[in-house]
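Below are the chains, spelled out letter by letter.
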Amino acid sequence: MGIDLQKDNPSIQGDPTNSTTKTGNVGVVTARIDDVVNWARTNSMWPMLFGLACCAIEMMGAQAANYDMSRFGMELMRASPRQSDLMIVAGRVSRKMAPVLRRLYDQMPDPKWVISMGDCASCGGVFNNYAIVQGVDEVVPVDVYVAGCPPRPEALIHGIMTLHEKVKQERFKLVG
Ligand code: SF4
């Protein structure tokens, strides 16, 4: 004689979370459009493959197995600004490089974000001279600064999570 689980256990009838029922009914999920869009944006940021100096080595380390940025949906570092929405300025920016960096930023589609990684990118670091830009915010708008010389991969990941928190605060307006 077979056992009818639903008949014997009325409490599980219609419970969509109970694998015994397998009704396929997941019920109704409600959410604000801001939260859904921001959730998608923060879990699919593609950084540009772009390193300027020693800080870039730590950025590469953050992508390796020990730190594994793919958990944030960021395993793809794009070699084209057209496919990137996050610029990590990893290293000192020379005056000669500044217009190139700005052009790459302009070629990224909106919405886009910038992380200034390390002291050199943020304020010139130890290179207080005419050849180095004394803060990349002279060239592009910066969302998050990561301190250190160089910052460890943990610090960069903290900067990325800080950026995620910032993006989650964004709100949208209907235009029309
Ligand atoms: S902050 Fe330090 S590690 Fe980073 S680019 Fe400057 S000198 Fe190199």
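Details of the structure are given in the entry above.
Note that this is a predicted model, so its numbers are computed, not measured. (Residues numbered from 1 in each chain as written. Predicted model: local features only at pLDDT ≥ 70, side-chain atom pairs only at ≥ 80, totals over all residues. Heavy atoms only, no water.)

Helix and strand content of the chain: six helices and three strands. Within the span of the chain, comprising 176 residues, buried residues form 38% of the whole. For the chain, contacts bridging at least 24 residues in sequence account for 74% of all contacts bridging at least 6. For the chain, the exposed area adds up to about 10,800 Å²; of that, 56% sits on carbon and sulfur atoms. (Helix = DSSP H or I, 4+ residues; strand = E, 2+ residues; numbered from the N terminus. Buried < 20%, exposed > 50% of the residue type's maximum accessible area, 1.4 Å probe, protein only. Contact = heavy atoms within 4.5 Å. Areas by Shrake-Rupley, 256 points an atom, 1.4 Å probe, with all protein chains shown as cover.)

One finds Met 59, Leu 86, Ile 88, Ile 115, Leu 156 and Leu 163 to be the most contacted residues of the largest nonpolar core, which totals 23 residues. For this core, the secondary structure elements donating two or more residues are helix H3 (55–63), strand E1 (86–90), strand E2 (113–117), strand E3 (144–146) and helix H6 (153–168). Among the elements that line this core, the one with the most residues is H6, at five residues. Setting aside chain neighbours within four positions, we find Met 59 in contact with Phe 50, Gly 51, Met 77, Ile 88, Ala 90, Met 117 and Leu 156. Among the nonpolar cores identified, the runner-up in size contains 17 residues, and Met 48, Ala 121, Val 133 and Val 140 belong to it. (Core = buried A, V, L, I, M, F, W, Y, C linked by side-chain atoms within 4.5 Å.)

With that settled, the discussion passes to the side chain of Asp 85. Along the chain, Asp 85 turns up in the loop between H3 and E1. Within the buried core, Asp 85 has no salt-bridge partner, and the shortest N-O distance to an opposite charge, that of Arg 41, equals 7.4 Å. Of note is the side chain of Asp 85, whose polar atom sits 2.8 Å from the backbone nitrogen of Trp 46. Among all residues touching Asp 85, those that are not within four sequence positions of it are Ser 44, Met 45, Trp 46, Met 108, Pro 111, Lys 112 and Trp 113. (Lys, Arg positive; Asp, Glu negative; His and termini not counted. Salt bridge = Lys/Arg side-chain N within 4 Å of Asp/Glu carboxyl O. Polar contact = N/O pair within 3.5 Å; in protein donor to acceptor, adjacent residues only side chain to side chain.)

Let's shift gears to the state of the cysteines. One pass over the structure, following the stated rule, counts zero disulfides. Cys 123 forms no disulfide, and the closest cysteine sulfur to it belongs to Cys 120, at a distance of 7.7 Å. (Disulfide = S-S within 2.5 Å.)

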